[in-house]
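# Working through the structure, step by step
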Amino acid sequence: MLFPDLPADARLWVFTAERALSPAEQGRLRDTIARFVAQWTSHGRPVPGGVALAENRFVLVAAHLAGGVSGCGIDSLVHAVEEAGRAMGLEWVDGLQVVFRDTDGDLRVLPRLTFRQRVRDGAITTATPVFVTTLDTVGDLRDGGLERPAGMTWHGRTFRLPEPA
């Protein structure tokens, strides 16, 4: 179980690398972000949290602080993750992209417009595995995981996905 020391209502942020990371890169990235989390504060209060990596591509950061993490605290997290990526020559996928698993089992990243066209072409259905990078809490992650059938996510509602043939 990810983040066993944090409650279900702990806040979650998911960052997606633009490419798969080697084991060495994963270790370096995890260590760098874990050092930030160990010193993370929000309005002078320590932010208890943790970091995990998934699918050689996703960085998950969770935190639980009474009253929540402030906007400045969130900004410092985002800057730390962006800087860690820059130091490794790594770009991050923005929220206007969709991450899914293709029929060969490979992770793909497409702009929403291209994803929509693939839906129209019948290449993407309610059964297509997608990665829900908009999860808000550790409980959301525990309840359904990061990877889910598209028909069970916002992707299914937004893109009006067809059932598989």
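For the structure itself, look to the data block above.
Everything numeric here is computed off the predicted structure, so don't read it as measured data. (Residues numbered from 1 in each chain as written. Predicted model: local features only at pLDDT ≥ 70, side-chain atom pairs only at ≥ 80, totals over all residues. Heavy atoms only, no water.)

### Quick word on the pattern of salt bridges
- The full count for this structure, using the stated rule, is five salt bridges.
- Of the charged contacts, one joins Arg19 and Glu18 as a salt bridge, the two residues approaching to 3.6 Å between their closest N and O atoms.
- For Arg19, a relative accessible area of 27% corresponds to the partly exposed category.
- A salt bridge links Arg101 to Glu147, with the shortest nitrogen-to-oxygen separation between them at 2.7 Å. Here Glu147 lies in strand S9 (residues 147-149) and Arg101 lies in strand S6 (residues 97-101), a separation of 46 residues in the sequence.
- Under the relative-accessibility criterion, Arg101 is labelled buried at 17%.
- Take Glu147: its relative accessible area is 29%, and that puts it in the partly exposed class. (Salt bridge = Lys/Arg side-chain N within 4 Å of Asp/Glu carboxyl O. Buried < 20%, exposed > 50% of the residue type's maximum accessible area, 1.4 Å probe, protein only. Helix = DSSP H or I, 4+ residues; strand = E, 2+ residues; numbered from the N terminus.)

### Details of helix H2 (residues 71-87)
- Between its first and last C-alpha, H2 extends 24 Å over 17 residues, near the 24 Å set by a 1.5 Å rise per residue.
- If you follow the buried residues of H2, they end up packed against strand S1 (11-16), helix H1 (23-39), strand S2 (41-42) and strand S5 (58-63). (Expected span 1.5 Å × (residues − 1). Contact = heavy atoms within 4.5 Å.)

### Some details on unusual backbone geometry
- Unlike most non-glycine residues, Phe3 shows phi in positive territory, near 55°.
- Accessibility expressed as a relative area gives 8% for Phe3, which makes it buried.
- The phi angle at Arg160 is positive, at roughly 45°, despite the residue not being glycine.
- Secondary-structure assignment places Arg160 in the segment after helix H5 (154-159).

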